[in-house]
Amino acid sequence: MTDTITRAVVEPAPPPTPVRRRRGRVRELHVLLALVVVLVVVAVFPGLVTWHDPYELDGLPFTAPNGDFPFGTDEIGRDLYSRVVHGLRVSLFSAVLAVVVALAGGAVIGVLSGLRPGGLLDRALGILTEAVMAIPGVLLALAVITTYGRGAFVAAVAIGIGEATGFARLIRGCVIQAGTLTYVEAARTCGAGPLRVVFRHVVPSIHHPVLSYTALHFGLAMLAIGSLSYLGFGEAPPSAEWGVLIAGGQKYLAHAWWVAVVPGLALTAVVVLFSRIAYLSQKDNR
Amino acid sequence: MTGSPSSASLPARLARDVATKLAHAVAVVFAAYSATFFLLFVLPGDAVLARIGTTDAIGSNDLAQLDLDALRSEVGLADSLWSQYLHGVTGLLRGDLGRSLITEQPVTTLLGEVLPNTVTLGAVSLAFSVPLGFLLAVLAVNPRSKAVRSFASMVPSAYVSLPVFWVGILFVYLFSITLGWFPSSGSRGAASLVLPVTVLSLLGAAQFAQVLISSLRTELGTTYAAVTAPAKGAGRFHTLYRHCLRNASFPFLAVFGLRVGQLLGGAVVIEMVFSRVGLGRLMVDSVKAVDLTVVLGIVVVLAAVYVAINVLVDIGYVLLDPRLRRHPASATRKEADA
């Protein structure tokens, strides 16, 4: 006991973040968010930046990357650049769906179990969360797909269910922590009911960690959906979804490396973008 | 330990802790089984169609002539959901996971054939990823050069952003197609293990390093490391290795159990990339064939593995961290003993 008290007194306050570095971070965050907006626009209107049709045989098979075909062509001569750009829509929006499912499920479970920590409801939900956590995400998604059939959106919902557990744990912790804040106690003393306290005081106070966790898991959801479609349980092959493109290109690796490598680079770039946003927004908070 | 007043009560308390944890673990596995069961068996029609052929291959005309109910009762799908569930649970208690709906082989036999392959892959990758993770974390914290430190701390967060199946494909392209060092696929011999183990252990190492880096940074900022240790003349190296690394390993241990599940999921995908015989192939084939019992069996076995590892981690945590042994209850008993 005394140990912790002396430590708290002696511990030097962390040096304040230099204003210039913080400003640089905020600027970087804004640039990255602008990039996300660009990505969304491209995903909705892929025709704006491409000049070949993603499903037409416009070139010779396995043309190496050149001026007209910036990423080369695939095994039957479709423009890979155009396919990657058109594939962005499915990859991006299925990840959005996954994260929305995860956030909604996690918020409901997290708030319910955080209201009365240690209560019966909290314990039951805790065991349920842990049970879902015990099943690797990809396997849980495959089990869902067994019942409801393949498809990008089934895969997205399935991944979202698996990721909801992490959100539930985070939100439960935040709700418990927020319950000890002075203004929350004040609201309770003033006679606010538990629901009013949660929705008017607790939920607004925890949005920041939850948002940066969401950005991080957006990237992870893209990766997970990519692996499911790589395994053949997402979109069906004529589609230009990135996992499908990578799986299709694997067979021709020896002749044409770009067919499998370029979509993977695109996926990596988007995931890095989102995890960087998560990192910066987390830092910005402190 | 010997001679301290609390040592007498330690085994008893430990036994009670272990018993509580085991009961919790059994509850979690049971919940995982139930959740997956109801997820899979709520729509039983497809399983019967899959037994006849693929769902796409059957037109509605052919379907009308088949006696679906007879087929359902043949595999026990005609019973009510509850009786199927009770049947499954009693089987689970006896260690019987039922039979495949397609091939009629017992699920335990199917799993026994492929599990050694996957467990070898997972265990070897884990064995490599832990020291590699520590190495990366120390490199990200210890060197004086800021360039080296920031590079080493960037590597793990960059690697976890890569799609694991795509990294596998890149490795195949580099090391088996271009350089011809290792076989690109297959599951026979140690050479076929090299590439999948590399991909997976790098992934594990990156995840461990991320946790270790952040906890090492926290530890290095605390008073005992930033003030006390230099004040008594300990060097950077000594402070890091003798003081901080041990304390920083506890968050790592807590995360270790959680990451094992992700590593198993990654192993399933990687097995498909390298066309290895294993759990991944069995799972993908069973999902394609809508073989509900096999899917359920795989999920339950992996959940049990995950839960078992986490129980071991929890026990190891209590054994390694003296702070956790000092319950308030034991303190009062110590006073009573004195």
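Residues numbered from 1 in each chain as written. Chains lettered and ligands numbered in written order. Predicted model: local features only at pLDDT ≥ 70, side-chain atom pairs only at ≥ 80, totals over all residues. Heavy atoms only, no water.

J.: Looking at this model, I keep getting lost on the overall build of chain A. Mind explaining?
T.: Looking only at helices and strands, chain A features 11 helices and zero strands. Along the chain direction, N to C, the helices and strands of chain A fall in the order α-α-α-α-α-α-α-α-α-α-α. Looking at chain A as a whole, 47% of its 286 residues qualify as buried. Put simply, of all contacts in chain A between residues at least 6 apart along the chain, 69% involve residues at least 24 apart. Total accessible area on chain A stands at roughly 14,000 Å², and carbon and sulfur atoms take up 68% of it. (Helix = DSSP H or I, 4+ residues; strand = E, 2+ residues; numbered from the N terminus. Buried < 20%, exposed > 50% of the residue type's maximum accessible area, 1.4 Å probe, protein only. Contact = heavy atoms within 4.5 Å. Areas by Shrake-Rupley, 256 points an atom, 1.4 Å probe, with all protein chains shown as cover.)

J.: Looking at this structure, I do not really get the pattern of salt bridges. What am I missing?
T.: Pairs can form between side chains of opposite charge whenever their charged atoms are close. Residue and element names in this part refer to chain A. Scanning the model with the defined rule gives four salt bridges over all chains in all. Note that Glu28 is salt-bridged to Arg276, the shortest N-O span being 2.9 Å. Here the residue Glu28 occupies a position in helix H2 (residues 19-44), and Arg276 occupies one in helix H11 (residues 258-285), the gap between them amounting to 248 residues. Judged by relative accessible area, Glu28 falls into the partly exposed class, the value being 30%. Arg172 is the partner of Asp122 in a salt bridge, and the nearest nitrogen-oxygen pair spans 2.9 Å. Here Arg172 lies in helix H6 (residues 152-178) and Asp122 lies in helix H4 (residues 120-134), a separation of 50 residues in the sequence. (Salt bridge = Lys/Arg side-chain N within 4 Å of Asp/Glu carboxyl O.)

J.: Explanation requested: the packing of aromatic side chains in the structure shown.
T.: Aromatic ring pairs are defined here through the distance separating the ring centres and the angle between the ring planes. Inspection of every chain in the model, using the stated rule, returns six aromatic pairs over all chains. The interplanar angle of 25° and the centroid separation of 4.8 Å between the aromatic rings of Tyr230 of chain A and Phe165 of chain B together place this pair among those described as stacked. Of this pair, Tyr230 of chain A sits in helix H9 (residues 207-231) while Phe165 of chain B sits in helix H8 (residues 164-178), on two different chains. One exposure class covers both Tyr230 of chain A and Phe165 of chain B, and it is buried. (Phe/Tyr/Trp six-rings, centres within 6.5 Å; stacked < 30°, edge-to-face > 60°.)

J.: What's the story with the UniProt feature "transmembrane region" (unreviewed entry) in chain B in this structure? I'm lost.
T.: Residues and elements named next belong to chain B. Sites flagged by UniProt as "transmembrane region" (unreviewed entry) map to residues 22-43, 119-141, 162-182, 194-213, 250-274 and 294-320. What you have in residues 194-213 is 100% helix and 0% strand, and the ends, taken at the C-alpha atoms, are 27 Å apart. Secondary structure content for residues 250-274 is 96% helix and 0% strand, and the end C-alpha separation is 35 Å. (UniProt positions renumbered as here; feature names shortened; annotations may be inferred.)

J.: What exactly am I supposed to notice about the environment of Arg83 of chain A here?
T.: Residues and elements named next belong to chain A. Residue placement: Arg83 occurs in helix H3 (residues 80-115). Taking the relative accessible area as the measure of exposure, Arg83 reaches 2% and is therefore buried. C-alpha separation for the pair Arg83 and Phe71, spaced 12 residues apart in sequence, amounts to 9.6 Å. Setting aside anything within four residues of it in sequence, one finds Arg83 in contact with Pro54, Tyr55, Asp74, Arg78, Pro237, Pro238, Ser239, Ala240 and Leu245.

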